[in-house]
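# A structural walkthrough
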There are 2 protein chains.
Amino acid sequence: MAVDIATRVFNHSFRIDPIVRTLLDTDFYKLLMAQLIWKKHYETRATFSLINRSRHVRLADMIDQRELTEQLDHVRTLRFAKNELIWLAGNTFYGVKQIFQPEFLDWLAEFRLPDYELTTRDGQFELRFEGPWRETSLWEVPALSILNELRSRAAMRRMNRFELDVLYARAKAKLWDKVERLRVLQQEGPLILADFGTRRRHGFLWQRWCVEALQEGIGASLIGTSNVKHAMDLGLEAIGTNAHELPMVYAALAPDDAALAAAPYRVLEDWAQMYGGNLLVFLPDAFGTPAFLANAPDWMASWKGARPDSMPPIEGSELILDWWRRHGQDTREKLIILSDGMTIDSIERSVRRLRAEVTVSIGWGTDLTNDFAGCVPKGSDTDLRALQLVCKVTETNGRPAVKLSDNPEKASGPPAEIARYRRVFAAPKGAPTLTAPA
Amino acid sequence: MAVDIATRVFNHSFRIDPIVRTLLDTDFYKLLMAQLIWKKHYETRATFSLINRSRHVRLADMIDQRELTEQLDHVRTLRFAKNELIWLAGNTFYGVKQIFQPEFLDWLAEFRLPDYELTTRDGQFELRFEGPWRETSLWEVPALSILNELRSRAAMRRMNRFELDVLYARAKAKLWDKVERLRVLQQEGPLILADFGTRRRHGFLWQRWCVEALQEGIGASLIGTSNVKHAMDLGLEAIGTNAHELPMVYAALAPDDAALAAAPYRVLEDWAQMYGGNLLVFLPDAFGTPAFLANAPDWMASWKGARPDSMPPIEGSELILDWWRRHGQDTREKLIILSDGMTIDSIERSVRRLRAEVTVSIGWGTDLTNDFAGCVPKGSDTDLRALQLVCKVTETNGRPAVKLSDNPEKASGPPAEIARYRRVFAAPKGAPTLTAPA
């Protein structure tokens, strides 16, 4: 076989193999939220911190700190490219033209990621991003995808060419088996699904393959991807709305308990001033879904949908469906987005259970873009199993940020503040609640 | 991504994509037999004919006759290359130096495949090779691998780039699952296995991958491959001994019934004059194993091994083991080669059952190199399932060639001759026989 010498030399001369190749390689909701933060909280400061919920995995023992630094530094050299900004300006998102204001895009054109603090302690990386919220917020996704891909690379460094071939063959076969189950689900009734797998993906190119597999396998049932770069390159819709950082920062900045209790609804008011239609999706679980629904203003009933994100999907959805019904809404006009650790099994169960009552949209994450369990041809697959790694807002303008969620394992913040939030966000007596703990 | 224009233009300018790229892409036993035929039957003529035992598959409707002609014509342009002849001359086969005589290699250097006759009738190809046995014999393997690969190509022409990607990923994953079962078998005790999958392979490159998978997965338990080209390129032993065409031609040329009954042992005498050691492997089933063993000369007991090829593997082996024991042989010094439609299931069963008593060597064919069942991502896999396609000697010096085998479905020849052979090769009363039909 003829060797193309130029290609070979070029391939062997990379200084690094970048994980994040463009600032567009992020989740779409980050850009929607960035515009809100830029517009309404330009001066607010926020610190994001890496949290490894899989404490037993000593990340800093697997990943070379110098490699991590190189990747983080590389992302800091990136700017949004001209063609990317044109695409953001000229594209229609959620049926809306010019969803991004020209002044915001001007700001984006100058944007680069702020500095970071990285230290190692007890086998874990301590990685913090301090600065204006509008800037630090955009670190979350690249930081997570870098850490996850560096870990994959470390695990695969032990494998030879042939083992890698088998590894990816098995991962492809495994994903296609899931796609075939989705095709069955699609034949039975409506199926709506989007890729939400950027942050915990095995790798950038692997995520691309997974999205292409869905395009090939379920066609129009794939409504898009949360990843803006993949959306642009593959001609897909960019999907996403908002995340917990909004209620967490609003809550942390609240001057007293009454303002704290009102904070989640202040987020919705601000959101509705900027976005409409299918982007009016509320996230009910930042401080517990039962209280959120019990105290919600009636006007929230007009919103299009909800994204229950820490209860078991069917139970979480039922609470919201009940709330809509009590507010005189036709649930068949509403949208439920399920995106908390969905697997092919829970997708099947949830879609089959719920789709007659409501439009169910699946945000498929780790089980789509990072399922290599059982795929390693020789030896253990432990080091390729996805981690519970998050990058959360921990502080804003000097005040601690808190999350309760419906799942106690996902609570974060100082214990005293968690206790205060639990008191403020206690569900009123008689409010519907979970039948069993998550 | 940069496009290498020269490579692209080159790749798109092939007149045909050849299936057989060298005359060395054949089974090793064909060369051993060719030397015997060249030496002892230089003037004997033999006709080989294609037989599709899977009659329901209308091959000529799937494969374009022009494409088949191009591939067959291409093989006729090939000669053994200088480096290939040097490798055949300089290599050690079965521990023997210069197994091929210099005069035979001189003949091979001039060799090209003789002409063929191709017609189409009722959806089937009628493909015949007439001429000197020493030449027509060498058509069998390329003819079969061409037909099988053309059929694979026809089936895959309907698939897009992505479907092909999934197809091969699944086939790789499926094979590696088998390799993992072999690795378990290997940990339990001796395992000896060779690739015998040339003639019914999915394709040349796929066979290469399968052999490499075995090298990677079971290491020294892979004693080699029947494919001479793969053996040379991958640094493996070329494996194989002899086939049914020898007793079939010897039998057809026998002038009377007594000579017919003696023909199978005449083959062994001639073989032993040319080859020794581990190449002394008899094929007992051409006209039925029970009669072959019952009438065998005592000196056959000194031969190293046997290749039962049409009985269920354990039963066929037991008949031979019993014969060796009755002839005072220590079966643990003997070799049984199992090569008739072996699957991972029957490999496990046979090896576990037999390896304490005898050295068991597996010749793994179609289940290794052409198992795409369940691998097609969309639609039916029928057109990628392996066929029962053979290319058999049907005539020699104007007389019909006959095969009975232990499996009635594999019998071939004119009915009157089959009846005569059945009479001549009837097992004597009291001879051990099969407990159940195959």
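As the structure is a computational prediction, the values presented were derived from the model and not from experiment.

## What about the pairing of strand β1 (residues 45-52) of chain A?
Residue and element names in this part refer to chain A.
- Of all eight residues in β1, six are buried, a share of seventy percent or more.
- Bridge analysis of β1 against strand β12 (residues 389-396) gives seven bridges, and the strand direction is antiparallel. When the sheet's bridge partners are listed, I51 is paired in β12 with V390.

## A few points about unusual backbone geometry
Residues and elements named next belong to chain A.
- Positive phi is not limited to glycine here, since Q98 has a value of about 50°.
- Tracing the sequence through the fold places Q98 in the loop between β3 (96-97) and α6 (102-110).
- Residue classification places Q98 among the exposed positions, given a relative accessible area of 58%.

## Remarks on the packing of aromatic side chains
- Taken as a whole, this structure holds 49 aromatic pairs over all chains when the rule is applied.
- Ring centres of F28 of chain A and F100 of chain A lie 6.0 Å apart, and the angle between their planes is 80°; on these two criteria the pair is classed as edge-to-face. On the criterion of sequence distance, the pair formed by F28 of chain A in helix α2 (residues 28-40) and F100 of chain A in the loop between β3 and α6 is long-range, its members being 72 residues apart. F100 of chain A shares its class with F28 of chain A; the two are buried.
- Summarising the aromatic geometry, the rings of W209 of chain A and F162 of chain B are spaced 4.9 Å apart at their centres and angled 25° between planes, so their arrangement reads as stacked. Of this pair, W209 of chain A sits in helix α10 (residues 204-218) while F162 of chain B sits in helix α9 (residues 161-188), each in a different chain. The residues W209 of chain A and F162 of chain B share a single accessibility class, namely buried.
- A cation sits over an aromatic face here: R134 of chain A above Y42 of chain A, 3.7 Å from the ring centre.

## Observations concerning the interface of chain B and chain A
- On the chain A side, the residues contacting the 21 residues of chain B number 22 residues.
- Carbon and sulfur atoms make up 54% of the area that chain B and chain A hide from each other, which totals about 1900 Å².
- Among the residues of chain B in contact with chain A, F162, R170 and E216 of chain B are the three that bury the most area, contributing 32% of the side total.
- With a closest N to O distance of 3.1 Å, E180 of chain A and R170 of chain B form a salt bridge.
- Counting across the interface, chain B meets chain A through 14 residue pairs in polar contact (both at pLDDT 80 or more).
- Here the side of chain B that touches chain A is composed, by residue class, of nine nonpolar, one polar and eleven charged.

## Overview of the side chain of N227 of chain A
Residue and element names in this part refer to chain A.
- Tracing the backbone through its elements, the reader meets N227 in the loop between β7 (222-225) and α11 (228-234).
- There is a polar contact of 2.9 Å between the side chain of N227 and the backbone nitrogen of H230.
- With residues up to four places along the chain from it excluded, the contact list for N227 reads L24, D25, T26, D27, T198, R201 and Q207.

## Things to note about the relation of the copies chain B and chain A
- The two copies are related by a screw operation: chain B maps onto chain A through 179° of rotation and 0.0 Å of translation along the axis, at an RMSD of 0.0 Å. Accordingly, the operation relating the two chain copies is best matched by a two-fold axis. The position closest to the rotation axis in chain B is occupied by the C-alpha of A169 of chain B, lying 2.1 Å away.

## As for the pairing of strand β11 (residues 359-364) of chain B
All names here are of chain B.
- For β11, the tally of buried residues reaches five of six residues, placing the bulk of the element in the interior.
- In this sheet, β11 lies alongside strand β6 (residues 192-195) in parallel orientation, the contact comprising four bridges. Bridge assignment links L193 to a residue of β11, and that residue is I362.
- Sheet analysis places strand β10 (residues 335-338) next to β11, joined by four bridges and oriented parallel. Bridge assignment links L335 to a residue of β11, and that residue is T359.

## Here's the deal with helix α10 (residues 204-218) of chain B
Residues and elements named next belong to chain B.
- For α10, spanning 15 residues, the distance from its first C-alpha to its last is 21 Å, which sits close to the expected 21 Å at 1.5 Å a residue.
- Most of α10 sits out of view: twelve of its 15 residues are buried.
- Along α10, the positions that sit buried rather than exposed are F204, W206, Q207, R208, W209, C210, V211, A213, L214, E216, G217 and I218.

## A short note on the sheet that holds β6 of chain B
- Reading across the sheet, the six strands line up as β7-β6-β11-β10-β9-β8 (chain B) and stay open at both edges, with parallel pairing between neighbours. For this open sheet the edge positions go to β7 (222-225) and β8 (281-282) of chain B, each flanked by a neighbour on one side alone.

## Side note on the pattern of salt bridges
- Within the structure shown, the criterion is met by 86 salt bridges over all chains.
- R66 of chain B is paired through a salt bridge with D64 of chain B; the nearest N and O atoms lie 3.8 Å apart.

## Regarding the packing of helix α9 (residues 161-188) of chain A against α10 of chain A
Residue and element names in this part refer to chain A.
- Packing of α9 against α10 leaves a shortest axis separation of 10 Å and a crossing angle of 35°. Judged by the twist between their axes, the crossing of α9 over α10 is right-handed. Contacts between α9 and α10 involve Y168, A171, K172, L175, W176, V179, L182, R183 and Q186 on the former and, on the latter, W206, W209, C210, A213, L214, E216, G217 and I218.
- Of the residues contributing to the contact of α9 with α10, the split by class is twelve nonpolar, two polar and three charged.

## Notes on the sheet that holds strand β4 (residues 117-121) of chain A
- Across the sheet, five strands lie side by side as β4-β5-β1-β12-β13 (chain A); this open sheet has antiparallel pairing. Both outer strands of the open sheet, β4 and β13 (399-400) of chain A, are each paired with one neighbouring strand and no more.

## As for the packing of α2 of chain A against helix α12 (residues 245-252) of chain A
Residues and elements named next belong to chain A.
- At a minimum axis separation of 11 Å, α2 and α12 run at an interaxial angle of 25°. For the element pair α2 / α12, the angle class is roughly parallel. Contacts between α2 and α12 involve K30, M33, L36 and I37 from the first element and E245, L246 and Y250 from the second.
- Its residues assigned to classes, the contact of α2 with α12 shows five nonpolar, no polar and two charged.

## Re the UniProt feature "domain: Nicotinate/nicotinamide phosphoribosyltransferase" (unreviewed entry) in chain A
- Sites flagged by UniProt as "domain: Nicotinate/nicotinamide phosphoribosyltransferase" (unreviewed entry) map to residues 193-428 of chain A.
- The span residues 193-428 of chain A is 39% helical and 13% strand by assignment, and the distance between its end C-alpha atoms comes to 35 Å.

## Focus on helix α8 (residues 140-156) of chain B
- When the terminal C-alpha atoms of α8 of chain B are compared, their 25 Å separation across 17 residues agrees well with the 24 Å that a helix rising 1.5 Å per residue should span.
- Among the 17 residues in α8 of chain B, 17 count as buried, and that is most of the element.

## A look at the environment of A254 of chain B
- Residue placement: A254 of chain B occurs in the loop between α12 (245-252) and α13 (257-274).
- Among residues more than four places away in sequence, those in contact with A254 of chain B are A259, L260 and R399 of chain B.

## Points about the UniProt feature "modified residue: Phosphohistidine" (unreviewed entry) in chain A
All names here are of chain A.
- Listed under "modified residue: Phosphohistidine" (unreviewed entry) in the UniProt record, and renumbered for this structure, are H244.
- For H244, the location among the structural elements is in the loop between α11 and α12.
- Here H244 falls in the buried class, since its relative accessible area comes to 4%.

## Observations concerning the environment of I418 of chain B
All names here are of chain B.
- If you trace the backbone, I418 turns up in helix α18 (residues 415-424).
- Relative accessible area serves as the criterion here: at 13%, I418 is assigned to the buried category.
- For I418 and L404, which are 14 residues apart along the polypeptide, the C-alpha to C-alpha distance reads 7.1 Å.
- Beyond its immediate chain neighbours, meaning those up to four positions away, I418 contacts V402, L404, S412 and G413.

What counts and what doesn't
- Residues numbered from 1 in each chain as written.
- Chains lettered and ligands numbered in written order.
- Predicted model: local features only at pLDDT ≥ 70, side-chain atom pairs only at ≥ 80, totals over all residues.
- Heavy atoms only, no water.
- Buried < 20%, exposed > 50% of the residue type's maximum accessible area, 1.4 Å probe, protein only.
- Helix = DSSP H or I, 4+ residues; strand = E, 2+ residues; numbered from the N terminus.
- Pairing = 2+ DSSP bridges.
- Phe/Tyr/Trp six-rings, centres within 6.5 Å; stacked < 30°, edge-to-face > 60°.
- Lys NZ or Arg CZ within 6 Å of the ring centre and 35° of its normal.
- Contact = heavy atoms within 4.5 Å.
- Buried area = accessible area lost by both parts, 1.4 Å probe.
- Salt bridge = Lys/Arg side-chain N within 4 Å of Asp/Glu carboxyl O.
- Polar contact = N/O pair within 3.5 Å; in protein donor to acceptor, adjacent residues only side chain to side chain.
- Nonpolar A, V, L, I, M, F, W, Y, C, P; charged D, E, K, R; others polar.
- Least-squares fit on C-alpha atoms with pLDDT ≥ 70 in both.
- Expected span 1.5 Å × (residues − 1).
- Axes fitted to C-alpha atoms, helices over the stretch in contact; angles between N-to-C directions.
- Left-handed = near helix turned anticlockwise from the far one by under 90°.
- Parallel < 35°, antiparallel > 145°, perpendicular 65-115°, else oblique.
- UniProt positions renumbered as here; feature names shortened; annotations may be inferred.

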